[in-house]
Amino acid sequence: MCTDTNDTIPIIDKEEKNYEQKQESIKNDKKKSTYINNANSKNIELPEHFVDNSNGENMDNNTYCLKIVADKSGSEVDIDSIHKSEVKNVFVKDIKTDCDLSKINTNASIEIDTSIAPIERKFALVETNLEQIKQRLSNLRFRRSEKQKIKTRFYATIDPNKNQQAEVELSREISKDMFSRMSIIGQFNLGFIITKLDADLFIVDQHATDEKYNFETLQNTTKITSQKLVVPQQLELTAVNEIVLMENINVFQMNGFDFQFQQDAEPTKKVKLTMIPMSNNWSFGKEDVDELLFMLQDAPNTLCRPSRVRSMFASRACRKSVMIGKVLNFGDMRKLIDHMGDIEQPWNCPHGRPTMRHLVNLTLLNVNAE
């Protein structure tokens, strides 16, 4: 039985035509482009790429396009955690076949719709460059070197237990001429003066410093009024003390004492007390002479004062000094600070109260703050 070849040929041509259309359709499906739109940045458009699952990964077209965008932009995107429902304004369209992936803008950021994106996907952009980083490192090194150059001269805190350490530091670092160079910042709490020397701030007790100045002035200039005894008092002194008394008679006279010497008398009985200091509230006698003799043995020809004379001067100095609570003008504060450069021991008053303490070094404070 024979078959008509004219009927068979049209069937074969139709099948071949259908096959070619299917192949063309598959080819077109592989040529896709992804377009992602978000309010946080410019749109990112990938010129052509092929969706090819030949590597065995099971992903749809949109997921694969997101992966390509992440790779080209240098951003980290968790592709597995992104669902189609989370991405808005993403569509696939036909593109040209002569694409160049190198033209993709690698500086672009991947933007996900902020209205539904989880918080862990958010990021912050810090603009910098190599020159800025170098300058920052240079500044840090400079500050560190400047901090090392700062000489810390005062370590004692304002603490009654640190008074001795503070006085040693002040006497070592502050000379008499430095007081006149100090700048007056102002009065604090109607009782203290804040001063500045170079980068160091100091606090000065206005009453204590004035009291010490007045006390030393009384010590150095006052000749105490004497009262003559009706009957001279015989003193029994060692031969050494008799010699010390005769060699320092001017010191005793400054303290209100006077004596009668009997050269022909036997040793230990050559001196009689004829005059003693006179004060309304203070009494003096032989024990004060013995104290002065003891002091002069260690410091001959020095203007020494017995403890009761010192107490009398301290009381007088306290009463005539500037009191706490008194308002001082600039001239008053300047005078008190300058007086500290005129006395021998300006670091505490006669009663032991500190006159001055170091507060802070401003340069060191600024470096630490930076």
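Residues numbered from 1 in each chain as written. Predicted model: local features only at pLDDT ≥ 70, side-chain atom pairs only at ≥ 80, totals over all residues. Heavy atoms only, no water.

## Side note on the nonpolar core
Within the largest apolar cluster, 25 residues are counted, with the highest numbers of intra-cluster contacts made by Leu245, Phe252, Phe257, Phe259 and Val289. Counting residues per element, this core draws most heavily on helix 10 (residues 307–320), which supplies 5 residues. Setting aside residues no more than four positions away along its own chain, Leu245 makes contact with Leu237, Phe252, Phe259, Phe261, Val271, Val289 and Leu293. Ranked by size, the runner-up nonpolar core spans 19 residues in total, among them Ile174, Met333, Leu336 and Trp347. (Core = buried A, V, L, I, M, F, W, Y, C linked by side-chain atoms within 4.5 Å. Buried < 20%, exposed > 50% of the residue type's maximum accessible area, 1.4 Å probe, protein only. Helix = DSSP H or I, 4+ residues; strand = E, 2+ residues; numbered from the N terminus. Contact = heavy atoms within 4.5 Å.)

## A look at the sheet that holds strand 9 (residues 226–235)
Strand order in this open sheet of 3 strands is 9-11-10, and the pairing throughout is antiparallel. Strands at the two margins of the open sheet, each flanked by one partner only, are strand 9 and strand 10 (258–261). For this sheet, the mean inter-axis angle between neighbouring strands, taken without regard to orientation, is 20 degrees. Across 6 bridges, the pairing between strand 9 and strand 11 (residues 271–277) is antiparallel. What sits directly across from Ser226, in strand 11, is Pro277. (Pairing = 2+ DSSP bridges. Axes fitted to C-alpha atoms, helices over the stretch in contact; angles between N-to-C directions.)

## Here we look at the state of the cysteines
Evaluated as defined, the whole model comprises 0 disulfides. Free cysteine: Cys349, not disulfide-bonded; nearest cysteine sulfur from Cys318 at 7.8 Å. Under the relative-accessibility criterion, Cys349 is labelled buried at 4%. (Disulfide = S-S within 2.5 Å.)

## Describing the confidence of the model for the chain
In regions of low pLDDT, the predicted coordinates are not meant to be interpreted in detail. In this model, the chain carries a mean pLDDT of 75, and residues with pLDDT of at least 70 account for 63%. Every residue in residues 30–59 scores below 50 in pLDDT, and together they form 82 contacts with partners more than four places removed in sequence or on other chains. Under a pLDDT of 50 for its full length, residues 103–113 has, in the predicted model, 30 contacts with residues more than four places off or in other chains. (pLDDT = per-residue confidence, 0-100.)

## Re a nonpolar patch on the surface
Taken together, Ile133, Leu137 and Leu140 make up a surface patch of nonpolar side chains, about 230 Å² in accessible area. With respect to the helices and strands, Leu140 occurs in helix 3 (residues 130–149). Given a relative accessible area of 32%, Leu140 falls into the partly exposed group. (Patch = residues over 30% accessible without salt bridge, like charges linked within 9 Å, V, L, I, M, F, W, Y side chains within 5 Å. Areas by Shrake-Rupley, 256 points an atom, 1.4 Å probe, with all protein chains shown as cover. Salt bridge = Lys/Arg side-chain N within 4 Å of Asp/Glu carboxyl O.)

## Digging into the packing of aromatic side chains
Summed over the entire model, instances satisfying the criterion amount to 4 aromatic pairs. Consider the rings of Phe179 and Trp347, whose centres lie 5.9 Å apart with planes at 35 degrees: the pair is tilted. A residue pair is termed long-range when its members are at least 10 positions apart, and Phe179 in helix 5 (residues 178–181) and Trp347 in the loop between helix 11 (330–340) and strand 12 (356–361) qualify at 168 residues. For the pair Phe179 and Trp347, one class covers both residues: buried. (Phe/Tyr/Trp six-rings, centres within 6.5 Å; stacked < 30°, edge-to-face > 60°.)

## Points about the pattern of salt bridges
Opposite charge on two side chains lets them pair, provided their charged atoms get close. On inspection of all chains with the given rule, the structure shows 10 salt bridges. A salt bridge links Arg153 to Glu173, with the nearest nitrogen and oxygen atoms 3.8 Å apart. Within this pair, whereas Arg153 is found in the loop between helix 3 and helix 4 (163–173), its partner Glu173 is found in helix 4, the two being separated by 20 residues in sequence. Here the two residues Arg153 and Glu173 agree in accessibility, since each one is buried. Note that Asp288 is salt-bridged to Arg308, the shortest N-O span being 3.1 Å. Taken as a pair, Asp288 in helix 9 (residues 286–298) and Arg308 in helix 10 lie far apart in primary sequence, 20 residues in all. The exposure class assigned to Asp288 is buried, which follows from its relative accessible area of 1%. It is possible to trace a salt-bridge network through shared partners that takes in Arg153, Arg172, Glu173 and Asp200.

## Description of the environment of Gly331
Along the chain, Gly331 falls in helix 11. Note on Gly331: relative accessible area 45%, which makes it partly exposed. A C-alpha to C-alpha distance of 9.8 Å links Gly331 and Ile184, two positions 147 residues apart in sequence.

## Structural notes on helix 10
The end-to-end C-alpha separation of helix 10 is 20 Å, in line with the 20 Å expected for 14 residues at 1.5 Å each. Taken residue by residue, helix 10 has Val309, Met312, Phe313, Ala314 and Ala317 as its buried positions. Residues of helix 10 that are buried make contact with helix 6 (206–221). (Expected span 1.5 Å × (residues − 1).)

## A closer look at the environment of Leu296
In this structure, Leu296 sits in helix 9. Leu296 gets classed as buried once you look at its relative accessible area, which sits at 2%. Linking Leu296 and Leu245, residues 51 residues apart in sequence, is a C-alpha distance of 8.6 Å. If near-sequence neighbours (up to four positions away) are discounted, Leu296 is found in contact with Val244, Asn248, Val251, Phe252, Asn301, Thr302 and Cys304.

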